[in-house]
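What the coordinates show
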Amino acid sequence: MNQDRRTQSLSDHYRRPDLADILREAIAKSGKTIRSYQDTAAFDEFHMRGREATRELARLADMSTGDKVLDLGCGLGGPARMLAAEFGCTVTGIDLMAEYIEAAEMLTDMVGLAHRVTFRQGDMQALPFADSRFDVVWSQHTLMNIADKPALFEQIHRVLTPKGKIALYEVVAGNVSPRHYPVQWATDPSMDHLIDGDTLRAQLAAAGFVPSIWQDTTAACRQWFEAIQSRMADRPKDAPPPLGLNLVIGPTTAEKAKNTVRNLKEDRIRVVYGVVEKSFKC
Ligand SMILES: C[S@@+](CC[C@H](N)C(=O)[O-])C[C@H]1O[C@@H](n2cnc3c(N)ncnc32)[C@H](O)[C@@H]1O
């Protein structure tokens, strides 16, 4: 499949027309007031274990005040706002989906963080940023959509400062295949570009990156999903839909979650944290 068709089918997978309106309406119906970045955590962290995982990664990566961060595939900007609010970072988010960027900007304005967090619609495979511009490149559940990871790692190497690093929280392939579809990041195998953790590390090393931290966090992800499933089972049948990622993912939310849990349980996927330092370029 050529790059244009690949991008088109990925956009079809993630597309959620009028997302900003959907969120505004759901927030109004819930009776909640959005004043702080904390108030949006239920629906703006588009990865397993939500904000807890973002905070854990930030601590592992030793994020600090003044760090200039590029958030690849930033989604609705939840992680970017948390990094700004809790760790004092200045964050630029980039995402393929124009409606995600619109929603990210709306939520960032609502919580008063627009002076520290900005967004740009674009393809992370052609980063529109100057060399050595960022201290940290941040990636949570995005590499699975990238077929040519070595080319992306070259781009990342270019935009990082000489002492820069990548903080990643990624799904990798397990020992068993094929995976069950659809999942949150792919309708079918054509847009699923998972590789196993060893291959990912080897590709990073070839691009001039050395892991200082690499941790498997699969068990915690499985427990998180099981806790959600048991909460959902206890909900009254006539309860209104929760203010959660279902607003972003839409009617296929439950099916995708079910397949992801099966993939985790059957070792078809694993989840890792990595902090990877820029070293040299081969
Ligand atoms: C599972 S979501 C994760 C969003 C965000 N990182 C988070 O954790 O909340 C994957 C995101 O990657 C974005 N994405 C996928 N391929 C991309 C590309 N080539 N360039 C920019 N964004 C991309 C999608 O639009 C989507 O928002």
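See above for the structure.
Throughout what follows, the structure given in this document is the object of discussion. Just so we're clear, the structure is a prediction, and the values are computed from it rather than from any experiment. (Residues numbered from 1 in each chain as written. Predicted model: local features only at pLDDT ≥ 70, side-chain atom pairs only at ≥ 80, totals over all residues. Heavy atoms only, no water.)

Some thoughts on the site of the ligand
In the vicinity of the ligand, 22 residues are found, and the nearest of them are Phe 46, His 47, Gly 73, Asp 95 and Asp 123. The contact in question runs from a nitrogen atom of the ligand to an N or O atom on the backbone of Gly 73, over 2.7 Å. Contact with the protein chains hides 99% of the accessible area of the ligand, taken as 590 Å² for the molecule alone. A breakdown of the residues in the shell around the ligand according to their chemical character gives ten nonpolar, nine polar and three charged. (Near = heavy atom within 4 Å. Polar contact = N/O pair within 3.5 Å; in protein donor to acceptor, adjacent residues only side chain to side chain. Areas by Shrake-Rupley, 256 points an atom, 1.4 Å probe, with all protein chains shown as cover. Nonpolar A, V, L, I, M, F, W, Y, C, P; charged D, E, K, R; others polar.)

Some words on helix 1 (residues 3-14)
With twelve residues, helix 1 should reach 16 Å at 1.5 Å per residue; the first-to-last C-alpha distance of 17 Å fits that figure. Restricting attention to buried positions, one finds in helix 1 the residues Ser 9, Leu 10, Ser 11, His 13 and Tyr 14. Where helix 1 is buried, its residues touch helix 5 (98-110) and helix 10 (253-265). (Helix = DSSP H or I, 4+ residues; strand = E, 2+ residues; numbered from the N terminus. Expected span 1.5 Å × (residues − 1). Buried < 20%, exposed > 50% of the residue type's maximum accessible area, 1.4 Å probe, protein only. Contact = heavy atoms within 4.5 Å.)

Notes on the pattern of salt bridges
Using the criterion set out here, one finds 17 salt bridges in the structure. Where Asp 12 meets Arg 15, a salt bridge forms, and the shortest distance between an N and an O atom there is 3.1 Å. Note on Asp 12: relative accessible area 46%, which makes it partly exposed. On the basis of relative accessible area, Arg 15 is assigned to the partly exposed category, the value being 39%. Ionic contacts of the salt-bridge type, sharing partners, join the residues Asp 44, Glu 45, Arg 51 and Arg 81 into one network. (Salt bridge = Lys/Arg side-chain N within 4 Å of Asp/Glu carboxyl O.)

Regarding the sheet that holds strand 1 (residues 68-72)
Spatially, seven strands are ordered 3-2-1-4-5-7-6 in an open sheet, and the strand pairing comes out mixed. On the outer flanks of this sheet lie strand 3 (117-121) and strand 6 (209-216), each paired with one strand and no other. Here the strands of the sheet are splayed against their neighbours by 20° on average, with no regard to which way each runs. The pairing of strand 1 with strand 2 (residues 90-95) spans five bridges and is parallel. When the sheet's bridge partners are listed, Leu 70 is paired in strand 2 with Thr 92. (Pairing = 2+ DSSP bridges. Axes fitted to C-alpha atoms, helices over the stretch in contact; angles between N-to-C directions.)

Re empty space enclosed by the protein
The tally for this structure, following the rule as stated, stands at one cavity of 30 Å³ or more. Of the volumes computed, that of the largest cavity is approximately 30 Å³. Around the largest cavity, the lining residues are Leu 143, Met 144, Lys 149, Glu 170, Val 171, Val 172, His 193, Leu 194, Ile 195 and Leu 200. No other element matches strand 5 (residues 160-173), which puts three residues into the lining of the largest cavity. Looking at the lining of the largest cavity, its residues break down into seven nonpolar, one polar and two charged. (1 Å grid on protein atoms, 1.4 Å probe; cavity = no way out; pocket = protein on both sides within 12 Å on 5 of 7 lines; lining within 4 Å. Points joined across faces, edges and corners; volume = space filled by probe spheres on them.)

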